[in-house]
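Chains, contacts and geometry: an overview
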Amino acid sequence: MSDSPDAATAAGDSDTPRFRYDAARASEIETRWQTVWAESGTYETPNPSGWLSEDPFGVVDRPKLFVMDMFPYPSGSGLHVGHPLGYIATDVFARFKRMTGYNVLHTIGFDAFGLPAEEHARQTGEHPRVNTEQNMAVMTRQMTRLGLGHDRRRAVATTDESFYRWTQWIFLQIFDSWFDPVAKIARPIRELIAEFDAGERQPSNGRDWASLDDIERREVLQDYRLAYLAEAPVNWCPALGTVLANEEVTSEGLSERGDHRVFQRPLRQWMMRITAYAERLLDDLDLLDWPESVKTMQRNWIGRSVGAHINFDSIKVFTTRPDTVFGATYMVLAPEHRLVDELVPAVWPERTDPKWTGGALTPSEAIARYRNGVARTDTSGNGADHVAGHADKPYETAISGSGGDSGESKDKTGVFIGAFVVNPVNDEPIPVFISDYVLMGYGTGAIMAVPGQDERDWEFAQTFGLPIIRTVQPPVDFRGGPYLGDGKIINSGFLDGLNVNDAKAAIIDWLQEHGCGDGTVTYRMRDWLFSRQRYWGEPFPIVYDPSGIPIALPETELPVTLPDLIDWAPRVLDDDSDPEPPLGRAQDWGAIKLDLGDGPQIYRRELNTMPQWAGSCWYYLRYLDPTNENAMVDGDVERYWMSDADGTVGGVDLYVGGVEHAVLHLLYSRFWHKVLFDLGHVGGPEPFKRLVNQGYIQAWAYRDARGSYVPADRVEGDRQTGFTFEGEPVTRTFGKMGKGLKNSVTPDEMYTAYGADTLRLYEMSMGPIDQDRPWETRSVVGSMRLLQRVWRNIVDETSGKLTVVDETPDDSLRRALHRTIAGVRADMDALRFNTAIAKITELNNLLTRIERTPREVAEALVLMLSPLVPHLAEELWKLLGGQGSVTCVSFPEAHPAYLVADTFDLPVQVNGRLRAVITIACDASEEEVLMAAEADPNVNAHIAGRKLRRSMVVPGRMVTFVV
RNA sequence: GCCCGGGUGGUGGAAUUGGCAGACACGACGGACUCAAAAUCCGUUGCUCGGAUGAGCGUGCGGGUUCAAGUCCCGCCCCGGGCACCA
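Here's a quick rundown of the structure. Predicted, not measured: the structure shown is a model, and the values here were computed from it.

Calculation criteria
- Here the residue numbering is sequential within each chain, running from 1 through the sequence in written order.
- Throughout, the order in which chains and ligands are written sets their labels, letters from A for the former and numbers from 1 for the latter.
- Totals for whole chains, interfaces and linings use all residues, but because this is a predicted model, local features are given only for residues with pLDDT of at least 70 and pairs of side-chain atoms are given and counted only at 80 or more.
- Heavy atoms from the whole structure form the basis of all side-chain values; hydrogens and water molecules are not counted.
- Only strands that DSSP links by at least two bridges are regarded as paired with each other.
- The secondary structure listing takes helices from DSSP runs of H or I that are at least 4 residues long and strands from runs of E that are at least 2 residues long, numbered from the N terminus.
- In this analysis, axes come from line fits to C-alpha atoms, helices being fitted only over the stretch in contact, and the angle between any two N-to-C directions falls in the range 0 to 180 degrees.
- By definition, residues are in contact when any of their heavy atoms lie within 4.5 Å.
- Any residue with a non-hydrogen atom lying within 4 Å of a molecule or strand is treated as near it.
- Under this definition, polar contacts are N or O atom pairs within 3.5 Å; protein pairs additionally need one hydrogen-donor-capable and one acceptor-capable atom, and for neighbouring residues in sequence, both atoms have to be side-chain atoms.
- Each patch groups residues whose relative accessible area exceeds 30% and which form no salt bridge, using 9 Å between like charges and 5 Å between nonpolar side chains of Val, Leu, Ile, Met, Phe, Trp and Tyr.
- Here, Shrake-Rupley sampling with a 1.4 Å probe gives the accessible areas, and only protein chains in the shown set may cover a residue.
- Only one rule defines a salt bridge in this text: a Lys or Arg side-chain nitrogen within 4 Å of an Asp or Glu carboxyl oxygen.
- Two residue types count as positive, namely Lys and Arg, and two as negative, namely Asp and Glu; His and chain ends fall outside the count.
- Every charge is mapped to an atom, namely NZ of Lys, CZ of Arg, CG of Asp or CD of Glu.
- Three labels apply to residues, based on accessible area from a 1.4 Å probe with only protein chains included: buried if under 20% of the type maximum, exposed if over 50%, partly exposed otherwise in between.

What to know about the sheet that holds strand 32 (residues 958-962)
- The strand order across the open sheet built from 4 strands is 30-29-32-31, with neighbouring strands paired in mixed fashion. The sheet is open, and its two edges are formed by strand 30 (913-921) and strand 31 (950-954), each paired on a single side. On average, each strand axis in the sheet is tilted by 20 degrees relative to the strand beside it, whichever way the strands run.
- Bridge count for strand 29 (residues 903-910) against strand 32 is 3 bridges, and the pairing is parallel. Opposite V910, over in strand 32, you have F961 as the bridge partner.
- Across the sheet, helix 29 (residues 926-935) is in contact with strand 29, strand 30, strand 31 and strand 32; its angle to strand 32 comes to roughly 65 degrees.

Structural notes on the pairing of strand 30
- With 8 bridges connecting them, strand 29 and strand 30 associate as antiparallel partners. Across the sheet, residue L906 finds its bridge partner in strand 30, namely I918.

A few points about the protein's contact with RNA strand B
- Taken together, 55 residues lie around RNA strand B, and S305, T320, R456, R785 and R957 are the ones closest in.
- Expressed as a percentage, the sugar and phosphate content of the atoms of RNA strand B within 4 Å of the protein is 65%.
- Contact distances for RNA strand B include 2.7 Å between a sugar or linking oxygen and a backbone N or O atom of Y437.
- Measuring from a sugar or linking oxygen of RNA strand B, one finds a backbone N or O atom of M766 at 2.9 Å.

Comments concerning the sheet that holds strand 15 (residues 517-523)
- With respect to topology, 3 strands assemble into an open sheet ordered 9-8-15, the strand pairing being antiparallel. With one partner strand each, in any of the chains shown, strand 9 (315-319) and strand 15 form the two edges of the open sheet. Going across the sheet, the axis of each strand differs from the next one's by a mean of 35 degrees, ignoring polarity.
- Here strand 8 (residues 304-312) runs beside strand 9; their pairing, made up of 5 bridges, is antiparallel. Along strand 9, the bridge assignment pairs A308 with T319.
- Set on the sheet, helix 15 (residues 500-513) makes contact with strand 8 and strand 15; between it and strand 15 the angle comes to about 115 degrees.

A short note on a negative patch on the surface
- There is a patch of like negative charges on the surface, built from D902, D923, E926, E927 and E928.
- On the secondary structure map, D923 appears in the loop between strand 30 and helix 29.
- Overall, the relative accessible area of 70% leaves D923 in the exposed class.

Notes on the pairing of strand 12 (residues 415-422)
- Of all 8 residues making up strand 12, 6 are buried, and the element is well covered by its neighbours.
- Linking strand 12 back to strand 13 (residues 429-434) in an antiparallel pair, the connection comprises 6 residues, with D427 at a positive phi of about 60 degrees.

Below you can see the structure in the form of structure tokens.
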């Protein structure tokens, strides 16, 4: 199968009409109008005040609409036809809304910092900036050629100094804030200091503020800041030479980019206290018009669990089933739990089951062996410093272990630590184990094990011969094993007889009364690891004095610009190495002389850079006011674009992008926005009111005998004959279009063969915007044909003259026109561009059947098409004598008078089967309708001679008889 | 394993609240134009029977509710995505 586009109609063909709408004419029209648009600032959108407030079209007093795409990485391979799908959709919508009375802001920038750009630069050996700028130029050209109506004045890149200056400024806002747990908002750190100074609050670590020296106070504040340095187990990826956020590591323990191995290792890194916002990030999802699947993914990621803390002597556990505490027959700590080493006795208790000891002579030995079994041997030689949990632990070992099928639950391993603790509800001593099925990072890193009501505990109890006590009565037909459902509580003293929910409430009351526990809520989400050992990112606006406690640079020092390193590439490191930030090689840059109040001193700069996500957390705000040198965005401008007229949540009115950002970008961005909201820098709590995930464009791909992909455009044959590449048979598969599958089709190929308008129309007609869709180059011609027919209904192909007539359309055509207008309006408003196109096609098909197109219909047709195919629409609009750019004309309106007809067709059913369609007057009475229906010969044939049991008329819908 | 989506002609898809299943398009077939081909235009196109009016069947499978089910209910199957020892 040859999937390459048909050659463009040769312009020189003698018998092709001279003024046919073909690829060459489309190209000429498109580039001409693109020049006109650029020169007249057609897509420049006014702000209510400030730098961009010039408003030649007088639209600033209209209702506003902010339409946005997820901005792209300036990738070196340019665009394929899958990329612009979302951009076209937002463009059509933006143009439509502009024509229906909105002041629409639509632009696009570049997410130009970060791993992909740097990895590409690393391969080509060029400075990332060179690459990045070339790529941005290529992509901008491709998008402009597509006719996207962006306000180019607002097209920021995250790598612009004038942009990342404000990324750094926002970082400082976050750094200089703390989360007030009572008000549940971020507040400036100086307010916390004031409360400490006034004695209204004492540091949470129990120290006395008044007696602390300056450095100690700065240490205390570190524990409060929303951006802070912490020694934490982080995901270290030696191959990429950087640490990664949890969100950037796959469940297999590989880096999301490049599939490199990732190791857990304790490092001092920047963290963002996103966990403080867990509850609000969860609750506010309800305010958003987002796909339910994305909300679900965020809810799962945040992972709220309601339960209780219960103290078993010194060990605090978290459980969602405090009602089962009487069934707790043993206890499990995460292997790296700090209390393990405190609790471990010198020798095994008498009569310890040999199964529990792992064959070790002492508990300490058993623990050490177990830890080494699940963790990699530490080769750095300073094992003494490696307290539990600080050993390098590849995810692989932690994840594997079953050796069986991936779906099966993992075999339970573990070892007794020789200690017992007392169950506070019944004073029973229970043994303490460590096992890797308990994770240090969740809850308290310790559980009470209730095998009767928990699958994992059941398996563990089976393995180690531990007792099982049921505390919920299973139903009679229950087949055994752990019972997770509701039922009557048994074997639980004062809880007996209650159901599970009541028992939870009762036991939490009891625990609180006796001081050995309380009800609590735990979240799965962790704080966000925010530093990277990379060159191509925003430098931190942070310096250090000898204390090693970070100090914010004053605003006057912003931006902290990246030094022009030659040796910028990160080192590829082996698995045992430590991270090494490339900026450490910028000797001169790393030290800075400053006077921060106590005389000029030399400070060391922070050498890490921010992660890719930093710029994308807030770029939508900079679109609003891209050149503002005094603020990240002017307050009035921000409120104009980000507030709802009805005073609800506000934010970007429509945000379109791929579902792959469901938890990364979209969660970080919401977090930053909420901090900015708390601090009064933005007017609403959420950045993106409405989110739509566009589908992917997929395409056939072909693999040879070795399984390698071969270029799809050079494969021959079809399904009958089989497919071949260079004479060798290949197999056909299906997948997301891209470099990997070698099945890309570029927009440029489409421009040459059909033109940008055809490409736009085709992509919008393929199906619903949120659905994946298969690319079929041979089908593109259908969209081209529609445009040709539209052209021919308005313009004479041989003379190039208008053929429309100034006659009023006949009644049925006019009705069809107004039905189309009403339908297209509704469809475009709901982003149903595929059905809007179908309706326009139907109307145009009516026109091809009549001699001459009435002007009234031609004009409406062109206006309705203009959001979809703006170039052709401009051209036809001009030929029709229209004033100004078609993009500024009002969208046609349907007249209600033409939406109702004198007569209409009504289906008639007998016993639920369609027997006729009758034409009746709209104002016919029910009796008249029934009479007309019965009179139909075919209906009559089916009811004649039988008893009519029932007949009914569903007004406007249907007549039905039951015999 | 759990949680979301989704299964409609040869293909992509359409079908407000249950109310004419298959809009619109691709492809295929037939015709016009042409020396010929491409392009363009016209016609046919869910399957089966039939000359035709028409009849029967038909939205993954099996049941059910209803005058009426792609749409609602119950039980399955398959495909795609997310999460995955989270206590």
